[in-house]
Amino acid sequence: QVQLVESGGGLVQAGGSLTLSCAVSGRTFSSYQVGWFRQAPGKEREFVAAITWNAGSRYYADSVKGRFTISKDNAKKWVYLQMNSLKPEDTAVYFCAAGFPRTPAIESEWSSWGRGTQVTVSS
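First things first, this report covers the structure right here in the doc. (Residues numbered from 1 in each chain as written. Predicted model: local features only at pLDDT ≥ 70, side-chain atom pairs only at ≥ 80, totals over all residues. Heavy atoms only, no water.)

## Describing the overall build of the protein chain
Link 1 in the chain: The secondary structure content of the protein chain amounts to zero helices and eleven strands.
Link 2 in the chain: The helix and strand sequence of the protein chain, counted from the amino end, reads β-β-β-β-β-β-β-β-β-β-β.
Link 3 in the chain: Rg of the C-alpha trace for the protein chain: 13 Å, near the compact-globule value of 14 Å for 123 residues, within the 12% margin.
Link 4 in the chain: Each principal axis of the C-alpha distribution contributes one length, and for the protein chain these read about 40 × 30 × 25 Å. (Helix = DSSP H or I, 4+ residues; strand = E, 2+ residues; numbered from the N terminus. Rg over C-alpha atoms; globule rule 2.2 N^0.38 Å.)

The following block contains the structure:
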């Protein structure tokens, strides 16, 4: 089983930046993908970004494309989400996910989840 622990959330002003980290442990395979989802109060969990563990292919939601960057450190088994030009609409609990998704943007395609880290963007 894969364990995921997010960190790096906090309070930031609009236009600012934050970098989230996801520590991956347990049994993993080179074909795994790791992704980020977010969920605001009263809203459904939505896809943010994903990266393949072996090839490093990246996928982004249109809402964050050009502002967020997903990356990984194979040796440390960490995945990062660098968030720039943050907007109040980015306020949410951000979750790290892992699995073998056929379509990364679909939540049910992922098998393992972290507990989340809160990101609050003030105006």
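## Some remarks on the sheet that holds strand E3 (residues 18–26)
Link 1 in the chain: As summarised here, the arrangement of the four strands in space is E1-E3-E8-E7, forming an open sheet in which the pairing is antiparallel. Two strands lie at the open edges of the sheet, namely strand E1 (2–7) and strand E7 (68–73), each paired on one side alone. Between one strand axis and the next, the sheet turns by 20° as a mean value, whatever way the strands run.
Link 2 in the chain: Direction of pairing for E1 relative to E3: antiparallel, over a ladder of six bridges. By the bridge assignment for E3, glutamine 3 is matched with serine 25. (Pairing = 2+ DSSP bridges. Axes fitted to C-alpha atoms, helices over the stretch in contact; angles between N-to-C directions.)

## Describing the side chain of arginine 67
Link 1 in the chain: Summarising the element assignment, arginine 67 is placed in the loop between strand E6 (58–60) and E7.
Link 2 in the chain: Apart from residues lying up to four places away in sequence, arginine 67 is in contact with Gln82, Met83, Asn84, Ser85, Leu86, Lys87 and Asp90. (Contact = heavy atoms within 4.5 Å.)

## Focus on the packing of aromatic side chains
Any pair of aromatic rings gets described here by the distance separating the centres and the angle formed by the planes.
Link 1 in the chain: In total, this model carries five aromatic pairs according to the counting rule given.
Link 2 in the chain: Ring geometry for phenylalanine 37 and tryptophan 110: centres 6.1 Å apart, planes at 80°, overall edge-to-face. Taken together, the residues span a long stretch of sequence, with phenylalanine 37 in strand E4 (residues 33–39) and tryptophan 110 in the loop between strand E9 (92–99) and strand E10 (112–113) at a distance of 73 residues.
Link 3 in the chain: We classify phenylalanine 37 as buried; its relative accessible area is 1%.
Link 4 in the chain: Seen in terms of ring centroids, tryptophan 78 and tyrosine 80 are 6.0 Å apart; in terms of plane orientation they differ by 85°. Their pairing is edge-to-face.
Link 5 in the chain: For tryptophan 78, a relative accessible area of 33% puts it in the partly exposed group.
Link 6 in the chain: Three or more aromatic residues joined by ring pairs form one cluster here, namely Phe37, Phe47, Trp110 and Trp113. (Phe/Tyr/Trp six-rings, centres within 6.5 Å; stacked < 30°, edge-to-face > 60°. Buried < 20%, exposed > 50% of the residue type's maximum accessible area, 1.4 Å probe, protein only.)

## Considering the pattern of salt bridges
Link 1 in the chain: Scanning the model with the defined rule gives five salt bridges in all.
Link 2 in the chain: Salt-bridge contacts for aspartate 90 lead to arginine 67; the nearest nitrogen and oxygen are separated by 2.8 Å. Of this pair, aspartate 90 sits in the loop between strand E8 (78–83) and E9 while arginine 67 sits in the loop between E6 and E7; the two residues are 23 residues apart in sequence, bridging distant segments of the chain.
Link 3 in the chain: By relative accessible area, which is 12% here, arginine 67 ends up buried.
Link 4 in the chain: A salt bridge links arginine 102 to glutamate 109, with the shortest nitrogen-to-oxygen separation between them at 2.9 Å. (Salt bridge = Lys/Arg side-chain N within 4 Å of Asp/Glu carboxyl O.)

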